[in-house]
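Overview (structure and organization)
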Amino acid sequence: MSTPVDHRAGPSSAPRSTVRADVAVIGGGVVGHGIAWEAQRSGRSVALIDDAPGSGASWAAAGMLAPVSELHYQEEDLLELMLDASSRWPGFAAGIAGATSGSGYLTTPTLAVGADAADRRALMDLRAVQQANGLAVEPLTVRDARKREPLLSPAIACALDTPADHQVDPRRLLAALRQALAGAVRGKPGLAVAGAVEGYAVPDRAGGLLWEGGRVVGASLAGGGTVLATDTIVANGLQAGDLGGLPDGLDLPLRPVHGDILRLAVPQHLQPLVTSTVRGLVHGVPVYIVPRQDGTVVIGATQREDALSDAVSAGGVYQLLRDAQALVPAVAELELLECTARARPGTPDNAPLLGRVPAAPGSAGYKAGHVPGLIIATGFFRHGVLLTPAAAAICAGLLDGHADPRWAPFSPERFSRPAAARTNHHTKETV
């Protein structure tokens, strides 16, 4: 298994006293960084709380921005959010690029490829659902597909062009977002959070939410000290459900869905291996090959719910290499650089938990309709990188007091007891 860059600070550098910011973001993955950057761009000071930012699911993500290819049966409600996020990506990436050396965003298209007749039928059935939802997916002849991608196997059964599905390199994106957050603080000292690294980063783990007068006012830190904020956004993936001090009766049913992913170097004589993202079915099993600007490719698609945690599955590695070679035989000649496994936060309906939490009757926030000072943004499962610009925009709107009714189906309380049935125990001061 690969070892990510360690962004943790030593004990002496972790804040031990009180840090104050307009917004506290708990969780330093792609989603948390995107939300922090959008909040900062709105003129708010931000404290991003994470003891190892970017080392979780974001470290392993392939970064496919694929609302069309990722449409799954019975998940059509999620499509509007995915399309909204996809439409935001060019502007989101351009904003980051304007503040940094680049985000790793590429508008390369996607090819869907089937290895046999059954795979062709499955992809064509999916295309019917995609077309019914107004999405553009056009069949190509195998000859035309191989003109575009000469290293595709001549034995493939079908190919479909999906021009709207793009990609971003999540590791480059995270580095760019950190650079943008620190740069904004240097450019506008008023945004700097005293006691935070580079004016925004709190290198510690959040222990629990802090309450005062019936509202959330920040978070306690596992290493000691507190972060006080007008609004606190819980965006720490699988750990969100275990955070102390969540509103009574709020259930965040997150489950770990592990995936193995490979990174391989392409020899000079084979570059480019592919210019499009190749998403394939091989005897019904999905696999993808994503080209990077640095001459490497990412191969992935395993999905397992087992006890291996972040251990790499030998069977998963074998499956990925076997199926990738069935579509692009030259994969056998690549240099295997890295095998990584991470868990993504899944929910019962595979959709995110995103929004404010409705307040219980008699609570301090009942008149406002929600728990004051708290926003939930987790459970993004396989769509975390794609949905980042939308999640950031939605959270920015909520900070400004605007709730878009389109996203009500993703309320973080949808698996919980109704607010009317809850008791309110968070009335005493905990700061």
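The residue numbers shown here count from 1 along each chain, following its written sequence. With the structure being a predicted model, the display of local features is reserved for residues of pLDDT at least 70 and the display and counting of side-chain atom pairs for 80 or more, all residues being used for whole-chain, interface and lining totals. To obtain the side-chain values, all non-hydrogen atoms of the structure were used and water was disregarded.

Below, the discussion takes up the overall build of the protein. What the protein contains, in helices and strands, is eight helices and 19 strands. Atoms counted for the radius of gyration: C-alpha only. Globule rule: 2.2 Å times residue count to the power 0.38. Here the C-alpha radius of gyration of the protein, 22 Å, is about what a compact globule of 431 residues would show, namely 22 Å. For the C-alpha atoms alone, the extent of the protein along its principal axes is close to 70 × 45 × 40 Å. The buried share among the 431 residues of the protein stands at 57%. Contacts were defined at the residue level, with two residues in contact if any of their heavy atoms lie within 4.5 Å. Long-range pairs, those at least 24 residues apart, make up 76% of the contacts in the protein between residues at least 6 apart in sequence. Computed by Shrake-Rupley with a 1.4 Å probe, the accessible areas treat only the displayed protein chains as cover when residues are assessed. Split by element, the accessible area of the protein, about 17000 Å² in all, is 53% carbon and sulfur. We treat Lys and Arg as the positive residues and Asp and Glu as the negative residues; His and chain ends play no part in the count. For this purpose, a charge sits on NZ of Lys, CZ of Arg, CG of Asp or CD of Glu. A gap of 2 Å separates the mean positions of the 36 positive and 41 negative side-chain charges of the protein. Strands here are runs of E lasting at least two residues and helices are runs of H or I lasting at least four, both read from the DSSP assignment and numbered beginning at the N terminus. Remark: exposure states derive from per-residue accessible area (1.4 Å probe, protein chains only) relative to the maximum for the residue type, with buried under 20%, exposed over 50%, and partly exposed in between.

A few words on helix H4 (residues 117-132). One less than the residue count of a helix, multiplied by 1.5 Å, gives the span that helix is expected to have. With 16 residues, H4 should reach 22 Å at 1.5 Å per residue; the first-to-last C-alpha distance of 23 Å fits that figure. Along H4, the residues that are buried comprise Asp-119, Leu-123, Leu-126, Arg-127, Val-129 and Gln-130. Down the axis of H4, the sector holding all buried residues measures 160°, keeping them to one side. Opposite the buried face of H4, at more than 90 degrees from it, the exposed residues are Arg-121 and Ala-132. Where H4 is buried, its residues meet helix H3 (76-99), strand S5 (110-114), strand S6 (138-140), strand S7 (158-162) and strand S14 (277-282). Note that the arc is defined by the directions from the helix axis to the C-beta atoms.

Right, let's talk about the sheet that holds strand S4 (residues 105-106) for a bit. Only strands joined by at least two bridges in the DSSP assignment are considered to pair. Taking strand neighbours across the sheet as the criterion, the three strands line up as S3-S8-S4 in an open arrangement whose pairing is antiparallel. In the strand order of this sheet, the two ends are held by strand S3 (64-65) and S4, each with one partner. Where S4 and strand S8 (residues 166-168) come together, two bridges link them in antiparallel fashion. In the sheet register, Leu-106 faces S8, and the bridge partner there is Gln-167.

A few words now on the pattern of salt bridges. Note on definitions: salt bridges are taken to be side-chain nitrogens of Lys or Arg within 4 Å of carboxyl oxygens of Asp or Glu. Counted according to the given criterion, the structure contains 18 salt bridges. Residue Asp-84 pairs with Arg-88 through a salt bridge whose shortest N-O separation is 2.8 Å. With Asp-84 and Arg-88 both in helix H3, this residue pair falls four residues apart, about one helical turn. Taking relative accessible area as the criterion, Asp-84 reaches 12% and is therefore assigned buried.

Moving on, we get to helix H8 (residues 384-399). Where H8 bends most, the angle comes to about 30°, and this point is Ala-390. Where burial is concerned, most of H8 is hidden: 15 out of the 16 residues are buried. In the stretch just after H8, Gly-401 is the one whose phi turns positive, near 90°. Two axes define the bend at a residue: one fitted to the seven residues ending there, one fitted to the seven starting there, and the bend is the angle between them.

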